[in-house]
Amino acid sequence: GRSRSGERRKSRWGEERDGGQSEYPAKASRVHTAPATVAEAGKIYTGKVANIMQFGCFVALEGFRAKTEGLVHISQLRREGRVTNVTDVVQRGMRVKVKVLS
């Protein structure tokens, strides 16, 4: 809006244009995406450690229609250095990010 002297006023919602329209667009409706069906190689997903074995851990991926689990081998748990015990790195129920290799 404009004041009586004709100058632009700043409102608490942003500066208004001629015609009384705000510079900020109307809020977009929230977009809901359907749950994924298949994990894609090369993508990174969030999951929870479902089970721990001597050779690695199984991670249940979140956001999938069907139960989707994958193995993270002990050699892939740390970027550098050797892991002697899986529980030194992860615990059951822990939220982790994983990259699907195949």
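The structure under discussion appears in the preceding block.
Since this is a predicted model, take the numbers as computed values, not measurements.

**Some remarks on the packing of aromatic side chains**
Okay, step 1: For the structure on display, the rule yields one aromatic pair.
Okay, step 2: A ring pair is formed by Tyr45 and Phe64, whose centres lie 5.3 Å apart and whose planes are at 55 degrees; its orientation type is tilted. One end of the pair, Tyr45, is in strand 3 (residues 44–53); the other, Phe64, is in the loop between strand 4 (56–61) and strand 5 (69–73), with 19 residues separating them in the sequence. Of the two residues, Tyr45 and Phe64, neither departs from the other in class, the shared state being buried.

**Side note on the side chain of Thr68**
Okay, step 1: Inspection of the secondary structure puts Thr68 in the loop between strand 4 and strand 5.
Okay, step 2: A relative accessible area of 17% places Thr68 in the buried class.

**Observations regarding the sheet that holds strand 5**
Okay, step 1: Ordered in space as 5-4-3-6, the four strands form an open sheet in which the pairing is antiparallel. Among the strands making up the open sheet, the edge pair consists of strand 5 and strand 6 (95–99). Averaged over all pairs of adjacent strands, the angle between their axes in this sheet comes to 50 degrees, without regard to strand direction.
Okay, step 2: Two strands pair when backbone bridges link them, and strand 3 and strand 4 are joined in this way by six bridges, in the antiparallel orientation. Bridge pairing in strand 4 places Val49 opposite Val59.

About the criteria used
- Residues numbered from 1 in each chain as written.
- Predicted model: local features only at pLDDT ≥ 70, side-chain atom pairs only at ≥ 80, totals over all residues.
- Heavy atoms only, no water.
- Phe/Tyr/Trp six-rings, centres within 6.5 Å; stacked < 30°, edge-to-face > 60°.
- Helix = DSSP H or I, 4+ residues; strand = E, 2+ residues; numbered from the N terminus.
- Buried < 20%, exposed > 50% of the residue type's maximum accessible area, 1.4 Å probe, protein only.
- Pairing = 2+ DSSP bridges.
- Axes fitted to C-alpha atoms, helices over the stretch in contact; angles between N-to-C directions.

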